[in-house]
Amino acid sequence: MRARAAALVLAFPALAGCFTIDVAAPPGADITLVSSKEPTTVRREYRTWFVAWGLTPLDNTMPEVVLAREKIVATRVVVEDNIPDALHGILYNVLLPIGLVTQTVIIEGHRAPLPAPLKP
């Protein structure tokens, strides 16, 4: 029993990562936070990849980039651990130990309203 517990403790870092998702507004943008209960009009869900067990992002998909691209002015950001992320962890850290981990990020919010057309 102790051997199993020790194996689980030693294997845990291989299945998990030490990644961080930096939630920041794009430079010059005024973005407010949205309640978890408020309905939203925009939803983007994506998986971001990290190398070296989460120490360094492999792609440029932090929320700041998505908020700027989608022109979102009110947002909530949810970081989710799900089955595909766990399967990637098992594949790239146990079966093929190269240190890749993934994290699912969900960005929901509202875009700025379109300006009213000019009257002739």
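A short tour of the structure in this document, coming up. (Residues numbered from 1 in each chain as written. Predicted model: local features only at pLDDT ≥ 70, side-chain atom pairs only at ≥ 80, totals over all residues. Heavy atoms only, no water.)

1. Describing the sheet that holds strand β2 (residues 42–51)
Item 1. One open sheet holds the five strands; their spatial order is β1-β4-β5-β2-β3, and the pairing between them is mixed. Strands at the two margins of the open sheet, each flanked by one partner only, are β1 (32–33) and β3 (56–57).
Item 2. Two strands pair when backbone bridges link them, and β2 and β3 are joined in this way by two bridges, in the antiparallel orientation. Opposite F50, over in β3, you have P57 as the bridge partner.
Item 3. Each of β2, β4 (72–80) and β5 (101–111) is contacted by helix α2 (residues 63–70), which is oriented at about 35 degrees to β5, the strand it contacts most. (Pairing = 2+ DSSP bridges. Helix = DSSP H or I, 4+ residues; strand = E, 2+ residues; numbered from the N terminus. Contact = heavy atoms within 4.5 Å. Axes fitted to C-alpha atoms, helices over the stretch in contact; angles between N-to-C directions.)

2. Overview of the packing of aromatic side chains
Item 1. In total, this model carries one aromatic pair according to the counting rule given.
Item 2. Consider the rings of W49 and Y92, whose centres lie 5.9 Å apart with planes at 65 degrees: the pair is edge-to-face. Placement of the pair is W49 in strand β2 and Y92 in helix α3 (residues 83–95), with a sequence separation of 43 residues.
Item 3. Classification of W49 as partly exposed rests on a relative accessible area of 23%. (Phe/Tyr/Trp six-rings, centres within 6.5 Å; stacked < 30°, edge-to-face > 60°. Buried < 20%, exposed > 50% of the residue type's maximum accessible area, 1.4 Å probe, protein only.)

3. Focus: the nonpolar core
Item 1. If you look at the biggest cluster of nonpolar residues, it comprises eleven residues: I21, V42, Y46, F50, M62, V66, L67, I72, V101, V105 and I107.
Item 2. Where this core is concerned, the elements lending two or more residues are β2, α2 and β5. (Core = buried A, V, L, I, M, F, W, Y, C linked by side-chain atoms within 4.5 Å.)

Remember, this is a structural readout, not a statement about activity or role.
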